[in-house]
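Here is how the chains run, residue by residue.
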Amino acid sequence: MLQTQRTHKGEKAGGPKVGLALAGGGPLGGIYEIGALLALNEAIDGLDFHDVDVYVGVSAGSLVASTLANGISVEEMAVLLVSGRGRPQRFDPGLFLRPAFREYLRRSAALPRVVYDGVVEYLKDPLNRGLLESLGGLARLQGCCGINGIDLELRQAVNSGLTPGPRMLASGRLICMTGGHGWQFGREADGPDDVRRAAREQIKAGADIVKLMATGGVMTPGVEPGSEQLTEAEMRAGVETLVGHPA
């Protein structure tokens, strides 16, 4: 769920509002973003990414955006992360992490039932099934894409008792634009209707979640990390399809 928080500074009085949106791209993409922000800071007079009105980040971009929002400038990040100099103590984990107490309570409430089911499974065949193996349901694995549906098959094997394993949320094939990030093992789709159809295909195959490749990434040759690939309309079509088919 998207949550918003105030930045380290109060609202500006009057004048145009300035926002900063940063995409993902893994650790390398985050370094690229810091370099690009440094160049823009130097090239545009009066622009200070350390002091804008709204920060939005995805994946590696969320780390850079949250760092800026908490009072650490692009120049300081460059010194600390790129050159290796600086004062690491400036990065207080408390600036970026907040315990998810509500999620802890929700999962704790489900624990007795999971333990009970595991003990029952163990007692059914104690000679051939270990107790720890039976308690595999205490863990949950979330697949982010499966090559040729392998994550769907593995989830079925675990659920049927054919092989021990954790509870799984399988995504099936990822959805990307033609030639986009992950195209080698994904479902290529262009336009809202095609993305909607691709999402329905994954749901039909039994996917619990669906992965939409909104931007480029570092693991696909010839693709620019962080580049926009799925449009807002295409993303909306995929999300609306999933909302209409709750797990």
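Below or above, wherever it landed, is the structure these notes cover. (Residues numbered from 1 in each chain as written. Predicted model: local features only at pLDDT ≥ 70, side-chain atom pairs only at ≥ 80, totals over all residues. Heavy atoms only, no water.)

1. Things to note about the side chain of Thr-220
So the rule is basically this: Secondary structure is summarised from DSSP: a helix means a run of H or I of at least four residues, a strand means a run of E of at least two, and numbering begins at the N terminus for each. Each residue's exposure class comes from its accessible area (1.4 Å probe, protein chains only) as a fraction of the maximum for that residue type: buried when under 20%, exposed when over 50%, partly exposed otherwise. What qualifies as a polar contact is a pair of N or O atoms within 3.5 Å, subject to a donor-acceptor requirement within protein and to the restriction that residues adjacent in sequence count only when both atoms come from side chains.
Counting through the fold element by element, Thr-220 comes out in the loop between helix H7 (192–205) and helix H8 (232–243). A residue is classified by how much of its surface remains accessible, and Thr-220, at 4% relative accessible area, is buried. Only 2.6 Å separates the side chain of Thr-220 from the side chain of His-181, close enough to count as a polar contact. Side-chain polar atoms of Thr-220 contact the backbone nitrogen of Gly-182, separated by 3.0 Å.

2. Let's talk about the pairing of strand E2 (residues 54–57)
Put simply, the rule reads: Whether two strands pair depends on DSSP finding at least two bridges between them. Viewed with both strands pointing away, a crossover whose connecting path from the first strand over the helix to the second turns clockwise is right-handed.
Relative to E2, strand E1 (residues 19–22) runs parallel, the two sharing 4 bridges. From the neighbouring strand, Leu-20 faces E2, where its bridge partner is Tyr-55. Since E1 and E2 lie parallel, the crossover through helix H1 (residues 26–43) that links them has a hand, and here it is right-handed.

3. Things to note about H7
To keep things clear, this is the line we draw: To estimate the expected span of a helix, subtract one from its residue number and multiply by 1.5 Å. The contact criterion used throughout is that any non-hydrogen atoms of two residues lie within 4.5 Å.
Compared with an ideal rise of 1.5 Å per residue, which puts 14 residues at 20 Å, H7 spans 20 Å between its outermost C-alpha atoms and is within 8% of the ideal. Among the structural elements, strand E5 (175–176), strand E6 (187–188) and H8 are those in contact with the buried residues of H7. Just downstream of H7 lies Gly-206, where phi reads positive at about 110 degrees.

4. Observations regarding the layout of surface pockets
Applicable threshold: In this analysis the probe radius is 1.4 Å and the grid spacing 1 Å, with only protein atoms considered; a cavity is a set of points the probe fits into but cannot get out of, a pocket is an open set with protein on both sides within 12 Å along at least five of seven lines, and lining residues have an atom within 4 Å of a point. Grid points are joined across faces, edges and corners, and a volume is the space filled by probe spheres set on the points. Under the convention adopted here, Pro, Cys and the residues Ala, Val, Leu, Ile, Met, Phe, Trp and Tyr are nonpolar, Asp, Glu, Lys and Arg are charged, and Gly plus all remaining residues are polar.
Taken as a whole, the second largest pocket spans an internal volume of roughly 870 Å³. Around the second largest pocket sit 35 residues that line it, and Val-58, Leu-212, Ala-214, Thr-215 and Met-235 are the ones nearest its centre. Contributing elements (two or more residues each) for the lining of the second largest pocket: E1 and H8. With 5 residues, H8 is the largest single contributor of residues to the lining of the second largest pocket. The residue inventory of the lining of the second largest pocket, partitioned by class, reads 16 nonpolar, 14 polar and 5 charged.

5. Digging into the packing of H1 against helix H2 (residues 60–69)
For the record, the criterion: To obtain each axis, a line is fitted to C-alpha atoms, and for helices this fit is confined to the stretch in contact; angles are then taken between N-to-C directions over 0 to 180 degrees. Throughout, the term roughly parallel applies to angles under 35 degrees, roughly antiparallel to angles over 145, roughly perpendicular to angles from 65 to 115, and oblique to all others. Take the far helix as your reference; a near helix turned counterclockwise from it by less than a right angle gives a left-handed crossing, and one turned clockwise gives a right-handed crossing.
Interaxial distance between H1 and H2 falls to 8 Å at its minimum, and their mutual angle equals 45 degrees. The angle between the axes of H1 and H2 places the two elements in the oblique class. In terms of crossing hand, the pair formed by H1 and H2 is right-handed. Between H1, through Gly-26, Gly-30, Glu-33, Ile-34 and Leu-37, and H2, the contact on the second element is made entirely by Ala-60, Gly-61, Val-64 and Leu-68. Tallied by class, residues from the contact of H1 with H2 come to 5 nonpolar, 3 polar and 1 charged.

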